[in-house]
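Structure at a glance
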Amino acid sequence: MSAGPLRVACIGIGWWSDVLADAIQRSGKLEILSCYTRSDEKREKFAAKYRCRPAASYEAMLADTEIEAIINTTPNDVHLATTCAAAAAGKHVFLDKPIANSISDGRAITEACRKAGVVLALGYQRRRESHFRWIRQQIDDGLFGKLVNAEANISRDRLGKIDLTSWRYQAAAMPGGVMLQIGIHYIDVLEYLIGPVHAVRGQLAQLVLPGDNPDVASLILEHDNGALSTLNASYASASEYYLMNIYGGDATTYYDLHNGLRFLKRGESEPVAVRCAKNDTLVEELEEFAAAARGQRQHEVGGEYATRSLAVVRAGILSAQEGRRVEVAEILDSGRN
């Protein structure tokens with residue numbers, strides 16, 4: 001077993017790669033050795049900023065025996081090729097969500113890493129926020145009783161801030177728009193807190209932003225335990241906002257960006273504020289990945305779960321297109337894109 005920080009290389013240089021690289025520097029349990037992207041300028045700039053060596057090609061990066069793992073923030077539609085190449089080279093992969101744009105690609109990525117015996121970890125950092133961990137603990141302790149309902153909202157203001165040449169804002173590269181790009185984070189949180197989703201009704205709209213992709217989306221989610229939840233995602237709102245209210249037969253929690261977390265037990269008239277220290281979710285998931293790559297633990301979110309999470313989004317998209325309730329199993333069984 002190797003000693004010292006996990007030696008990683010970054011592929012797909014963009015704004016999120018810098019966010020993860022900053023988290024790596026805060027951690028100290030990973031070390032960036034190399035980077036690659038097709039743009040010479042971006043590659044050199046990233047290499048200078050994070051004091052790593054620019055690779056001449058992705059193939060050259062994968063051939064570097066010093067590198068143990070790849071931090072992959074490439075566009076969704078090349079996740080399959082880039083991750084399978086890394087797995088074939090024996091490199092562990094930390095892959096930004098979603099795992100892919102299609103179920104078939106998600107499964108192929110998962111299987112390639114399994115066959116190669118490398119760790120595949122997906123970046124779902126929202127579930128790690130301290131307030132959601134606190135809620136999960138109360139659910140596990142039985143304080144909520146039967147879970148019955150939830151409502152969630154994840155919104156950001158992108159008016160005047162988008163680059164239509166970016167893959168992140170094109171329907172071909174990010175089908176489903178805002179729900180696939182950021183809504184999937186709160187699909188994950190809802191499943192983490194309430195349990196798996198088995199059916200979806202969805203509606204998508206394009207109201208404010210230019211381009212060809214939905215900037216507003218709403219889902220009604222049916223969970224396996226009978227609970228219903230609603231999720232709204234928006235790039236068309238006036239500000240950034242996050243909300244997650246979880247309702248049980250014996251207790252309710254209310255969380256929102258501006259007011260924090262509050263807890264209300266049955267029979268009480270006023271919710272009590274719950275103080276949750278802010279935690280560094282990106283450092284946590286990267287350090288967990290490093291430990292998993294060294295065989296010390298398992299990463300919380302792997303390929304099979306991430307593919308199922310993608311299927312919930314795909315079910316919502318199909319529901320919006322066809323105006324009907326769609327079961328997640330239909331998406332998984334058909335492998336529909």
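Residues numbered from 1 in each chain as written. Predicted model: local features only at pLDDT ≥ 70, side-chain atom pairs only at ≥ 80, totals over all residues. Heavy atoms only, no water.

**Overview of the overall build of the protein**
Heads up, the rule is: For helices the rule is a DSSP run of H or I covering at least 4 residues; for strands it is a run of E covering at least 2, with both sets numbered from the N terminus onward. Under the scheme applied here, a residue whose accessible area is under 20% of the maximum for its type counts as buried, over 50% as exposed, and between as partly exposed, the area being computed with a 1.4 Å probe on protein chains only. Residues count as neighbours in contact if any of their non-hydrogen atoms are within 4.5 Å of one another. Using a 1.4 Å probe, accessible areas were evaluated by the Shrake-Rupley method; residue-level cover was limited to the displayed protein chains. The charge count treats Lys and Arg as positive and Asp and Glu as negative. His and the chain ends do not count. The atom standing in for a charge is NZ when the residue is Lys, CZ when it is Arg, CG when it is Asp and CD when it is Glu.
Scanning the protein from terminus to terminus reveals ten helices and 15 strands. Taking all 337 residues of the protein together, the buried fraction comes to 56%. In the protein, the proportion of contacts linking residues at least 24 apart, taken out of those at least 6 apart, comes to 68%. Carbon together with sulfur atoms contributes 49% to the accessible area of the protein, which is approximately 14,400 Å² in total. With 38 positive and 42 negative side-chain charges, the protein shows a spacing of 1 Å between the two charge centroids.

**What about the pattern of salt bridges?**
As a reminder, the rule being used: Salt bridges are defined as contacts in which a side-chain nitrogen from Lys or Arg sits within 4 Å of a carboxyl oxygen from Asp or Glu.
For the structure on display, the rule yields 22 salt bridges. Between R43 and D40 there is a salt bridge, with its nearest N and O atoms 2.5 Å apart. Here R43 and its partner D40 are both found in helix 2 (residues 40–50), three residues apart, which amounts to about one turn of the helix. Residue R43 is classed as buried on the basis of its relative accessible area of 9%. The residue R262 makes a salt bridge to D256 at a minimum N-O spacing of 3.6 Å. Here the residues in one salt-bridge network are R127, R133, D188 and E300, joined through shared partners.

**Looking at the pairing of strand 6 (residues 120–123)**
Convention followed: Pairing between strands is defined by DSSP: at least two bridges between the two strands are required. Handedness of a crossover is defined as follows: with both strands directed away from the viewer, a clockwise route from the first strand across the helix to the second makes it right-handed.
Neither face of strand 6 is left uncovered, since the one carrying L120 and L122 and the one carrying A121 and G123 both have all their residues buried. Sheet topology places strand 5 (residues 92–96) next to strand 6; four bridges connect them, and they run parallel. Each bridged residue has a counterpart across the sheet, and for F94 the counterpart in strand 6 is A121. In this region the chain leaves strand 5, passes through helix 5 (residues 103–116) and returns to the parallel neighbour strand 6; the handedness of that crossover is right-handed.

**Considering the packing of helix 1 (residues 15–27) against helix 8 (residues 281–293)**
Rule in force here: A fitted line through C-alpha atoms serves as each axis, taken over the contacting stretch for helices, and the angle formed by two N-to-C directions is quoted from 0 to 180°. Every angle not falling under 35 degrees, over 145, or within 65 to 115 is termed oblique; those three ranges are roughly parallel, roughly antiparallel and roughly perpendicular. Basically, the charged four are Asp, Glu, Lys and Arg, the nonpolar ten are Ala, Val, Leu, Ile, Met, Phe, Trp, Tyr, Cys and Pro, and anything else, Gly included, counts as polar.
Interaxial distance between helix 1 and helix 8 falls to 9 Å at its minimum, and their mutual angle equals 75°. Compared by their axis directions, helix 1 and helix 8 come out roughly perpendicular. Where helix 1 abuts helix 8, its residues W16, V19, L20, A23, I24, R26 and S27 lie against L282, V283, L286 and E287. Taken together, the residues that form the contact of helix 1 with helix 8 break down as eight nonpolar, one polar and two charged.

**Notes on the sheet that holds strand 9 (residues 216–223)**
Across the sheet, which stays open at both edges, the nine strands sit in the order 14-13-12-11-7-10-9-8-15 with mixed pairing between neighbours. In this open sheet, the two strands that pair with only one neighbour each are strand 14 (272–274) and strand 15 (326–327). Bridge analysis of strand 13 (residues 260–265) against strand 14 gives three bridges, and the strand direction is antiparallel. Among the inter-strand pairings, F263 is bridged to a residue of strand 14, identified as V272.

**A few points about the layout of surface pockets**
Under the convention used in this document: Cavities and pockets are defined on a 1 Å grid built over the protein atoms alone: a cavity is a set of grid points where a 1.4 Å probe fits but cannot escape, while a pocket is an open set with protein on both sides within 12 Å along at least five of seven lines, and lining residues are those with an atom within 4 Å of any such point. Grid points are joined across faces, edges and corners, and a volume is the space filled by probe spheres set on the points.
One number sums up the size of the second largest pocket: a volume of about 530 Å³. As for the second largest pocket, its lining consists of 21 residues, and the residues nearest its centre are T110, L120, G302, G303 and E304. Split by residue class, the lining of the second largest pocket holds eight nonpolar, six polar and seven charged.

**Observations concerning the sheet that holds strand 5**
The strand order across the open sheet formed by six strands is 3-2-1-4-5-6, and the pairing between neighbours is parallel. Each having just a single partner strand, strand 3 (53–54) and strand 6 make up the two edges of the open sheet. Across the sheet, helix 2 lies against strand 1 (6–11), strand 2 (30–36) and strand 3, angled at about 160° from strand 2, the strand it touches most. Packing of helix 4 (residues 79–88) onto the sheet brings it into contact with strand 1, strand 4 (69–72), strand 5 and strand 6, and relative to strand 5 it is tilted by some 160°.

**Description of the packing of helix 5 against helix 9 (residues 303–322)**
The N-to-C vectors of helix 5 and helix 9 enclose an angle of 175°; their axes lie 9 Å apart at closest approach. Relative to helix 9, the element helix 5 lies roughly antiparallel. Contact with helix 5, carried on its side by I103, G106, R107 and T110, involves G303, E304, T307, L310, A311 and R314 of helix 9 and no other residues of that element. Tallied by class, the residues present in the contact of helix 5 with helix 9 amount to three nonpolar, four polar and three charged.

**Things to note about the UniProt feature "domain: Gfo/Idh/MocA-like oxidoreductase N-terminal" (unreviewed entry) in the protein**
The condition that has to hold: UniProt positions are given in the numbering used here, feature names are shortened, and annotations may be inferred rather than shown by experiment.
Mapped onto this structure's residue numbering, the UniProt feature "domain: Gfo/Idh/MocA-like oxidoreductase N-terminal" (unreviewed entry) falls at residues 6–124. The span residues 6–124 is 45% helical and 24% strand by assignment, and the distance between its end C-alpha atoms comes to 20 Å.

**Some points on the environment of S309**
Spelled out, the test is: Any pair of nitrogen or oxygen atoms within 3.5 Å is treated as a polar contact; in protein, a donor-acceptor pairing is required on top of that, and neighbouring residues in sequence qualify only through side-chain atoms on both sides.
Turning to its location among the elements, S309 is positioned in helix 9. When the C-alpha positions of S309 and V272 are compared, they lie 32 Å apart, and in sequence the two are 37 residues distant. When sequence neighbours within four positions are dropped, the list of residues in contact with S309 reads Y124, I184, I187 and E191. Among the polar contacts made by the side chain of S309, one reaches the side chain of Y124 at a distance of 3.3 Å.

**Quick word on the side chain of N72**
When you line up the elements, N72 lands in strand 4. A distance of 2.6 Å separates a polar atom in the side chain of N72 from a polar atom in the side chain of T74. Once you skip the residues sitting within four places of it in the chain, N72 turns out to touch I11, H79, T82, T83, V93, F94, L95 and D96.

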